[in-house]
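A look at the structure
Each chain, written out:
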2 protein chains.
Amino acid sequence: MKLDYLMPARLLLGENCVIEQRSLLSPLGKKALIVMGKNSARKNGAYADAAKALEANGQDHVLYDQVMENPTDTCAFEAGNLAKTTGCDFVLSIGGGSPMDAAKAAAVLAVNKISKEELFNSSFAAALPLAAIPTTAGTGSETTHYSVLMDTTEADGKTPRAGGPAKRSIASPLFFSRFAFLDAKYLLWLGRNITVNTTLDALSHAIEGMLTLRTNYLSNILARESIAMIMDCMDDLLSFPSEPSAFSAEKREKLLLASSLAGMVIAQSGTALPHSMGYYFTANWDTAHGRANGLLIKSFLSLCREKEKKDPSIAPRIPGLSAALGMDMERFFDLLERLLGIREKANKTELSAWSAQPMKNAANTYIKPNQEEIGQIFRESVG
Amino acid sequence: MKLDYLMPARLLLGENCVIEQRSLLSPLGKKALIVMGKNSARKNGAYADAAKALEANGQDHVLYDQVMENPTDTCAFEAGNLAKTTGCDFVLSIGGGSPMDAAKAAAVLAVNKISKEELFNSSFAAALPLAAIPTTAGTGSETTHYSVLMDTTEADGKTPRAGGPAKRSIASPLFFSRFAFLDAKYLLWLGRNITVNTTLDALSHAIEGMLTLRTNYLSNILARESIAMIMDCMDDLLSFPSEPSAFSAEKREKLLLASSLAGMVIAQSGTALPHSMGYYFTANWDTAHGRANGLLIKSFLSLCREKEKKDPSIAPRIPGLSAALGMDMERFFDLLERLLGIREKANKTELSAWSAQPMKNAANTYIKPNQEEIGQIFRESVG
């Protein structure tokens, strides 16, 4: 057996943990850069709590609240420059994957004079310490060493990229947070769509994490637990109330922890084929990242099951996944379909263009899908 | 729900991982202090591998190989002074809990001019980076922030302690290793007694970890897995071969990982009553630490079950433990008895003296045992 496990963040879960555990932030320095989006961190109270916690610690903060969905390289450089020019000692992100991922890059850019390509190639050796307050339950960025940014510019950092923006993933141990504060009260206002879509993201992390070549014993333990926790919330998700605050607070917390565990999974295993394929839906249709993966899961898992049956050289993994789900795959597919609702449809041009694309994560996927099979998954999922 | 999880060590498991992953040690500095005992690290090949890995990295090392079982404060100061006077940059421990625990204290003493009491009270703010190569599967010290040392001297650090040596536990986040290299090949030569006793230590960590007030959702996940892995090795342990190398290598590895997971458990949950009580057997009879806990488990768990049934204010935990064990408690007790063999017996003076002692971990034990119940466990276990 081989195993390589690292997740150095201290995970703090509980109501009011930002305020109650604020002293943990004291050793990080005198001034924080807070990285967040324009709205939700104010609406859900997380920014107010963070500001209060820092103030009580006698720490200043500088605010960067311009992170957009699918954050760009430009945004990361802006935030990094702000940290540099204002002399910030650490970076605290508040939000979903977008602010957390932008904050990771900003923490690096604050202390390195590097080009955009050096950032994307992980050519850096230092970063400000990071802390994160996730306010959605999906990305798991608080427990991973990944940052996903849009590469939008040419090497000059200004001219728009000739081929159009491209989503790129950066990995570095420096991207691990020191602290992740998980307080489900910031999620209570989230409506059906974002709740379901982020859950699909966490679920796809945990499921894909069981199906890569880098899957290991410990990542599987965490993946199974994450999946079981999410499936335990499935009925509540399917009967999501018209008033978001009526969604079970206990289940919100369960989904939040499940998402962090799924982050711990992919920090070891990496992701599998659906994560590469889903980018096309997001790039072309603006489909939410979690939903994009969710659209692909059924066909992907069906292919896995089929190849396992046909090829005795592939050690079967679907039975273990089915056990973690607590049901047979057909029943799971049915639940998934009910969560997804009406599927997006691609036109013929899109289908044939995407089906010809090499997929980065194919090599890390245990069934080693070929190009024809990738085309088949696209057709079955959105054809 | 509340949760506080931290285990920042990078866990590397696999045959030859010390050699193959040696480059990870490079950033730790130019010179290592290797801390180990007199014999086993040489016999099992771990010292040779570590020396080879460091040499290949261009790193020097200084050797401290005087750690005894139940290491003393004096030994930790010796090792710390050696690191200081020879200018070591990091500390690499090889062995069971004794070298790992001594190394943790040495890493602190190398960079702090502090007294023995300051060490025992965690009054220090820096330590050299640590790495560990566990060569038994029991202590889990490679994934904990605990160091257990014998307090043997008066404040001068020389005169023998008036009340005799006392086992004391020190906790500090600085005691977490940066890297833990888990290679089961170093364990292949271990005979029945040490294999069983260290397994009992890991098992008691995982079981007790499910039964403390600090138990949380994530510690329980890890505890259940650790218990399941150990129980999966039970038949092999019960039919331990006369030639140690005939014991399944795959099961050795499973026990090694289970022990690290159990360390991750107690790093969150702390230990429960048996760990406090077992110290009396070790101090008076030189009973191996794991066996000492093992002797107490049956009576302790029986009391837990009884109190759960009687007192509706105690949320039941034995059913969850039984599920993790994969069997009812009576069957588990029977297996445990077969593992333990003939029990040690205390005389009346010992029993009455120990039964009157306050037990530190009682307060962290979910059933809140009283003094009468502590006496009952002693009598049932070794009476």
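See the structure shown above.
Residues numbered from 1 in each chain as written. Chains lettered and ligands numbered in written order. Predicted model: local features only at pLDDT ≥ 70, side-chain atom pairs only at ≥ 80, totals over all residues. Heavy atoms only, no water.

1. Quick word on the overall build of chain A
We apply this condition: Counting from the N terminus, the helices are the DSSP runs of H or I reaching at least four residues and the strands are the DSSP runs of E reaching at least two. The contact criterion used throughout is that any non-hydrogen atoms of two residues lie within 4.5 Å. To be clear on the numbers: accessible area is Shrake-Rupley with a 1.4 Å probe, and residue cover counts the displayed protein chains and nothing else. Neither His nor the chain ends is counted toward charge; the positive residues are Lys and Arg and the negative residues Asp and Glu. Here the site of a charge means NZ on Lys, CZ on Arg, CG on Asp, or CD on Glu.
Counting its secondary structure elements, chain A contains 16 helices and nine strands. Seen along its three principal axes, the alpha-carbon backbone of chain A occupies a region of about 60 × 45 × 45 Å. Intrachain contacts of chain A at a sequence separation of at least 6 include 79% that bridge at least 24 residues. Accessible surface for chain A amounts to roughly 14500 Å². Of this, 51% is attributable to carbon and sulfur atoms. The averaged location of the 41 negative side-chain charges in chain A is 2 Å from the averaged location of its 40 positive side-chain charges.

2. Side note on the sheet that holds strand 4 (residues 60-64) of chain B
Test applied: Pairing between two strands is assigned when DSSP locates at least 2 bridges connecting them. Every angle, taken between N-to-C directions, lies between 0 and 180 degrees, and every axis is a line fitted to C-alpha atoms, over only the stretch in contact when it is a helix.
Within the open sheet, the seven strands sit side by side as 1(A)-2(B)-9(B)-6(B)-5(B)-3(B)-4(B). Their pairing is mixed. Only two strands of the sheet have a single partner each, and these edge strands are strand 1 (3-5) of chain A together with strand 4 of chain B. The mean angle between the axes of side-by-side strands here comes to 15 degrees, regardless of whether they run parallel or antiparallel.

3. Looking at the interface of chain A and chain B
Filter applied, for reference: In this description, buried area is defined as the sum, over both parts, of the accessible area (probe of 1.4 Å) that is lost when the two are combined. Here, a salt bridge means any side-chain nitrogen of Lys or Arg that lies within 4 Å of a carboxyl oxygen of Asp or Glu. Any N or O atom pair separated by 3.5 Å or less is treated as a polar contact, with the protein-specific requirement of one donor-capable and one acceptor-capable atom, and with residues adjacent in sequence counted only for side-chain atom pairs. Residue polarity follows a fixed list, in which Ala, Val, Leu, Ile, Met, Phe, Trp, Tyr, Cys and Pro are nonpolar, Asp, Glu, Lys and Arg are charged, and the others, Gly among them, are polar.
Taken together, the 28 residues of chain A in the interface contact 28 residues of chain B. Of the roughly 2500 Å² buried at the junction of chain A and chain B (both faces included), carbon and sulfur atoms supply 57%. For chain A, the biggest contributors to the area lost against chain B are Met-1, Leu-3 and Tyr-5 of chain A; these three give 21% of the whole. For Lys-2 of chain B, the salt bridge is made with Glu-20 of chain A, and the minimal N-O distance between the two is 3.1 Å. Linking chain A with chain B are 13 residue pairs in polar contact (both at pLDDT 80 or more), by the criterion used here. For the side of chain A that touches chain B, the elements supplying multiple residues, two or more each, are strand 1, strand 2 (10-13), helix 8 (217-231) and helix 10 (249-269) of chain A. It is helix 8 of chain A that provides the largest number of residues to the side of chain A that touches chain B, a total of seven residues. Here the side of chain A that touches chain B is composed, by residue class, of 18 nonpolar, one polar and nine charged. With three bridges connecting them, strand 2 of chain A and strand 1 (residues 3-5) of chain B associate as antiparallel partners.

4. A look at the relation of the copies chain A and chain B
Quick reminder of the rule: Superposition of the copies used a least-squares fit over C-alpha atoms from residues whose pLDDT is at least 70 in both.
Once chain A is rotated about the relating axis by 180 degrees and shifted along it by 0.0 Å, it coincides with chain B to within an RMSD of 0.0 Å. Taken together, the rotation and translation describe the operation of a two-fold axis. Proximity to the rotation axis, assessed at the C-alpha, singles out Pro-8 of chain A in chain A; its C-alpha lies 1.8 Å from the axis. Taken together, the interface assignments show that 100% of the residues at the interface of chain A recur at the interface of chain B, consistent with an identical surface on both copies.

5. Description of empty space enclosed by the protein
Note the cut-off: Using protein atoms alone on a 1 Å grid, points that fit a 1.4 Å probe yet trap it form a cavity, whereas open point sets bounded by protein on both sides within 12 Å along at least five of seven lines form a pocket; residues with an atom within 4 Å of a point count as lining. Grid points are joined across faces, edges and corners, and a volume is the space filled by probe spheres set on the points.
Counted according to the given criterion, the structure contains three cavities of 30 Å³ or more. Approximately 50 Å³ is the volume found for the largest cavity. Taken together, Ala-137, Leu-187, Leu-190, Thr-195, Thr-198, Thr-199, Arg-252 and Leu-255 of chain B make up the full set of residues lining the largest cavity. Where the lining of the largest cavity is concerned, the elements lending two or more residues are helix 7 (192-209) and helix 10 (249-269) of chain B. With three residues, helix 7 of chain B is the single largest residue contributor to the lining of the largest cavity. When grouped by side-chain class, the residues that make up the lining of the largest cavity number four nonpolar, three polar and one charged. Considering the residues around the second largest cavity, the lining is formed by Ala-137, Leu-187, Leu-190, Thr-195, Thr-198, Thr-199, Arg-252 and Leu-255 of chain A. When contributions to the lining of the second largest cavity are tallied by element, the ones reaching two or more residues are helix 7 (192-209) and helix 10 of chain A. The element contributing the most residues to the lining of the second largest cavity is helix 7 of chain A, with three residues. Split into classes, the residues belonging to the lining of the second largest cavity amount to four nonpolar, three polar and one charged.

6. Let's talk about the state of the cysteines
Note the threshold: Only a pair of cysteine sulfur atoms within 2.5 Å counts as a disulfide in this structure description.
Counting across every chain of the model gives zero disulfides over all chains. Just so you know, Cys-17 of chain A is unpaired, no disulfide at all, and the nearest cysteine sulfur is the one on Cys-233 of chain A, 18 Å from it. Lacking any disulfide linkage, Cys-88 of chain B is separated from the closest cysteine sulfur, that of Cys-75 of chain B, by 15 Å.

7. Topic: helix 14 (residues 329-340) of chain B
Residues and elements named next belong to chain B. To be explicit about the condition: Helix span, expected: 1.5 Å multiplied by one less than the number of residues in the helix. Burial classification: accessible surface area is computed with a 1.4 Å probe over protein chains only, and a residue below 20% of its type maximum counts as buried, one above 50% as exposed, and the rest as partly exposed. Throughout, the arc means that of the directions going from the helix axis to the C-beta atoms.
With 12 residues, helix 14 ought to run about 16 Å at 1.5 Å a step, and its terminal C-alpha atoms sit 16 Å apart, in line with that. Where helix 14 is concerned, the buried positions are Met-329, Phe-332, Phe-333, Leu-335, Leu-336, Leu-339 and Leu-340. Down the axis of helix 14, the sector holding all buried residues measures 160 degrees, keeping them to one side. Here the buried face of helix 14 lies against helix 7, helix 8 (217-231), helix 9 (234-238), helix 12 (289-310) and helix 13 (318-325).

8. Some remarks on the pattern of salt bridges
This structure, assessed with the given rule, holds 36 salt bridges over all chains. Between Lys-251 of chain B and Asp-236 of chain B there is a salt bridge whose closest N-O contact spans 3.2 Å. A residue pair is termed long-range when its members are at least 10 positions apart, and Lys-251 of chain B in helix 10 and Asp-236 of chain B in helix 9 qualify at 15 residues. On the basis of relative accessibility, which here comes to 22%, the residue Asp-236 of chain B falls in the partly exposed class. Ionic contacts of the salt-bridge type, sharing partners, join the residues Lys-116, Glu-117, Asp-151, Arg-161 and Arg-168 of chain A into one network.

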